[in-house]
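Now for the letters of each chain:
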Amino acid sequence: MPESAPVYRRVLLKLSGESLMGDDAFGINRATIVRMVDEIAEVTRMGVQLAVVIGGGNIFRGMAGGAVGMDRATADYMGMLATVMNSLALADAMNKSGLIARVMSAIAIEQVVEPYVRPKALQYLEEGKVVVFAAGTGNPFFTTDTAAALRGAEIGAEVVLKATKVDGVYTADPMKDPSATRFAQLSFDEAMSRNLGIMDATAFALCRDQKLPIKVFSILKHGALKRVVLGQDEGTLVFVG
């Protein structure tokens, strides 16, 4: 029986830096990143164009003590550099697995990675390459959630896939409330009225304004990314109602 066709042609995958740690206290767990790359490769082989925005919490949290009392903008720039390190690690693992990955940075460090140029990013996606967007938006005071919403809108992604440790959005914290139930889908308005905190307010507002749906799913569940792009009942879809 032939495999189902993907329901999305182009997606923006948002990964937290913490998702790369595995069971480690901080840093990058090699087995975890290889497993993630396997899932990404499976999706790209289906013809889905995929771009990634990654956070830097796994690296920056190891320096958090030293950042106490630090100027916010300075701390944010340090966080941006942490995302560049994660992006390089992710792209290297992708290239070793047979994918072709390109890292594009919102801040200029051309000896290390190429700068973000929208037409070039679109060209790479059309060529079947995975584009990893590093350094957030390039500006302090904005999260990598906002970078994901911004880059998703810029490249014409059909959905932002927010990978978390929980397999969707629940009525309550499922770790604390056994009766909590998962939403299969809900509107932006409903998510706001329930104060569900799916993304930070700036990122959420940008997705809503651009009518860019958000799919929340667990990156820890084997095959979840594939099930999401196939349109199966995985995670929670937040849509403009």
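Along every chain, residues carry numbers that run from 1 in the direction the sequence is written. Reporting in this predicted model follows two pLDDT cut-offs: at least 70 for local features of residues, and 80 or more for side-chain atom pairs to be given and counted; totals over whole chains, interfaces and linings ignore these cut-offs and use all residues. Computation of side-chain values covers all heavy atoms of the structure but excludes hydrogens and water.

Q: Help me understand the packing of aromatic side chains, please; the structure alone is not making it clear to me.
A: Each aromatic ring pair is specified by the distance between its two centres and by the angle formed by the two planes. Note on aromatic contacts: the rings of Phe and Tyr and the six-membered ring of Trp form a pair at centre separations within 6.5 Å, being stacked when their planes are under 30 degrees apart, edge-to-face when over 60 apart, and tilted otherwise. For the coordinates displayed, the defined rule picks out two aromatic pairs. Aromatic side chains Tyr116 and Phe133 sit 5.4 Å apart centroid to centroid with 85 degrees between the ring planes, which places their arrangement in the edge-to-face category. Taken together, the positions of Tyr116 in the loop between strand 4 (114–115) and helix 4 (118–126) and Phe133 in strand 5 (residues 130–134) put the pair 17 residues apart, joining distant regions of the chain. With respect to burial, Tyr116 and Phe133 carry one shared label: buried. Ring-over charges, as used throughout, are those where CZ of Arg or NZ of Lys falls within 6 Å of the ring centre and within 35 degrees of the ring normal. Its end group placed over the ring of Tyr124, Arg102 keeps NZ or CZ at 5.7 Å from the ring centre. Put simply, DSSP H or I for four residues or longer makes a helix, DSSP E for two residues or longer makes a strand, and each gets a number counted from the N terminus. Each residue is placed in one exposure class: buried if its accessible area under a 1.4 Å probe, protein chains only, is under 20% of its type's maximum, exposed if it is over 50%, and partly exposed if it falls in between.

Q: Help me understand unusual backbone geometry, please; the structure alone is not making it clear to me.
A: Glycine aside, residues mostly have negative phi, and peptide bonds are mostly found in the trans state. Within the chain, Ala135 stands out as a residue other than glycine whose phi angle is a positive 70 degrees. Along the chain, Ala135 turns up in the loop between strand 5 and helix 5 (144–154). Residue Ala135 is classed as buried on the basis of its relative accessible area, which comes to 0%. Residue Asn195 is not a glycine yet carries a positive backbone phi of 55 degrees. With respect to the helices and strands, Asn195 occurs in the loop between helix 6 (188–193) and helix 7 (201–209).

Q: Got a minute to help me understand the pattern of salt bridges in this structure?
A: Any two side chains of opposite charge can pair, on the condition that their charged atoms come close. Basic side-chain nitrogens of Lys or Arg form a salt bridge, by our definition, when they fall within 4 Å of a carboxyl oxygen of Asp or Glu. According to the stated counting rule, one finds 15 salt bridges in the structure shown. Measuring nitrogen to oxygen at the nearest pair gives 3.1 Å for the salt bridge that ties Arg9 to Glu126. Note that Arg9 is positioned in the segment before strand 1 (10–15) and Glu126 in helix 4, a separation of 117 residues in sequence. Residues Glu154 and Arg151 are paired through a salt bridge, measuring 2.6 Å at the closest nitrogen-oxygen approach. Taken together, the positions of Glu154 and Arg151, both in helix 5 and three residues apart, correspond to about one turn of that helix. Residue Glu154 is classed as partly exposed on the basis of its relative accessible area, which comes to 23%.

Q: Even after reading the chapter, I still don't get the sheet that holds strand 9 (residues 236–239), so can you show me in this structure?
A: Sheets are built from strands that pair by backbone hydrogen bonding, the pairs being arranged parallel or antiparallel. The rule for pairing is simple: two strands pair if DSSP sees at least two bridges between them. Here we have nine strands laid out as an open sheet, ordered 4-3-5-2-1-6-8-9-7, and mixed in their pairing. The sheet is open, and its two borders are formed by strand 4 and strand 7 (185–187), each paired with just one other strand. Contacts were defined at the residue level, with two residues in contact if any of their heavy atoms lie within 4.5 Å. Fitting a line to C-alpha atoms yields each axis, with helices limited to the stretch in contact; the angle taken between N-to-C directions then spans 0 to 180 degrees. Across the face of the sheet, helix 1 (residues 30–44) comes into contact with strand 1, strand 2 (49–54) and strand 5 while running at roughly 150 degrees to strand 2. Packed on one face of the sheet, helix 5 meets strand 1, strand 2, strand 5 and strand 6 (159–164) and runs near 175 degrees to strand 1.

Q: Looking at this structure, how should I read the nonpolar core?
A: The tendency in soluble globular proteins is for nonpolar side chains to be buried as a group. Buried Ala, Val, Leu, Ile, Met, Phe, Trp, Tyr and Cys residues form a nonpolar core when they are joined through side-chain atoms within 4.5 Å. Counting 43 residues, the largest nonpolar core has Leu13, Leu15, Val52, Met94, Leu161 and Phe217 as the members making the most contacts within it. Within the residue set of this core, elements represented by two or more residues are strand 1, helix 1, strand 2, helix 3 (72–96), strand 3 (101–105), strand 5, strand 6 and helix 8 (224–229). When residues in this core are grouped by element, the largest group, seven residues, is from helix 3. Filtering out sequence-adjacent residues up to four positions away, Leu161 remains in contact with Val11, Leu12, Leu13, Lys14, Lys215, Phe217, Leu225, Val228 and Val229.

Q: What is the right way to look at the pairing of strand 2 in this model?
A: If a strand is regular, its side chains alternate between the two faces of the sheet. Burial of strand 2 is extensive: six of the six residues sit out of reach of the surface. Burial of strand 2 is two-sided: the residues Gln49, Ala51 and Val53 facing one way and the residues Leu50, Val52 and Ile54 facing the other way are all buried. Examined bridge by bridge, strand 1 and strand 2 share six bridges and lie parallel to one another. Bridge pairing links Lys14 to Val53 in strand 2.

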